[in-house]
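Observations on the three-dimensional arrangement
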Amino acid sequence: MDRILEKSLLFDFYGELLTQHQKKVYGEYIQNDLSYSELAELLGISRQGVHDLIRRCEKILSDYESRLHLVENFQQVKKTVAAIHSCAREIEDCEDRTLIHEKIAEIAELSSSILEEY
């Protein structure tokens, strides 16, 4: 997964578990793509202080993910839904009843895997 997307998803899923200060700084870093220097100037702290805080936040968020796996599960469900969507598109343009039944069975299997997991 793209590192920037991963950081953004971790923040989306677990950002509320950070302190207000951590959430503000890391949010500016992730959502507004501010540099350490820009954040340091904005917050009135050193660039090194921003660097340390960002690294601490990344570790906290990664630790939550390693325990809870919410982002991983979200990505898996997203992948499965995309497969279901693909099957539905194939059915839409198909006149072969055998293929339609196969795709319906595939959709049922994919959706069952989501329901069993959650």
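Quantities reported herein were computed from a predicted structural model and do not represent experimental measurements. (Residues numbered from 1 in each chain as written. Predicted model: local features only at pLDDT ≥ 70, side-chain atom pairs only at ≥ 80, totals over all residues. Heavy atoms only, no water.)

1. Here's the deal with the packing of helix α2 (residues 20-31) against helix α4 (residues 47-68)
- Packing of α2 against α4 leaves a shortest axis separation of 10 Å and a crossing angle of 100°. Between α2 and α4, the angle falls in the class roughly perpendicular. Of the residues in α4, those touching α2 at H21, Q22, V25, Y26 and Y29 are L53, I54, R56, C57, E58, I60 and L61.
- For the contact of α2 with α4, a count of residues per class yields eight nonpolar, two polar and two charged. (Axes fitted to C-alpha atoms, helices over the stretch in contact; angles between N-to-C directions. Helix = DSSP H or I, 4+ residues; strand = E, 2+ residues; numbered from the N terminus. Parallel < 35°, antiparallel > 145°, perpendicular 65-115°, else oblique. Contact = heavy atoms within 4.5 Å. Nonpolar A, V, L, I, M, F, W, Y, C, P; charged D, E, K, R; others polar.)

2. Observations regarding α4
- For α4, with 22 residues, the first-to-last C-alpha span of 32 Å sits near the 32 Å given by 1.5 Å per residue.
- Among all positions of α4, only V50, L53, I54, C57, E58, L61 and E65 are buried. Taken down its axis, α4 places every buried residue within 135° of arc, on the same side. Relative to its buried face, α4 has exposed residues pointing more than 90 degrees away, namely K59 and R67.
- Check the buried side of α4 and you find it contacts α1 (3-14), α2, α3 (36-43) and α5 (70-92). (Expected span 1.5 Å × (residues − 1). Buried < 20%, exposed > 50% of the residue type's maximum accessible area, 1.4 Å probe, protein only. Arc of directions from axis to C-beta.)

3. Considerations on α1
- With twelve residues, α1 ought to run about 16 Å at 1.5 Å a step, and its terminal C-alpha atoms sit 16 Å apart, in line with that.
- Restricting attention to buried positions, one finds in α1 the residues K7, L9, L10, F11 and Y14.
- Buried residues along α1 sit in contact with α2, α4 and α5.
- The N-cap residue of α1 is D2: its side-chain oxygen and the backbone nitrogen of I4 are 2.8 Å apart. (Polar contact = N/O pair within 3.5 Å; in protein donor to acceptor, adjacent residues only side chain to side chain.)

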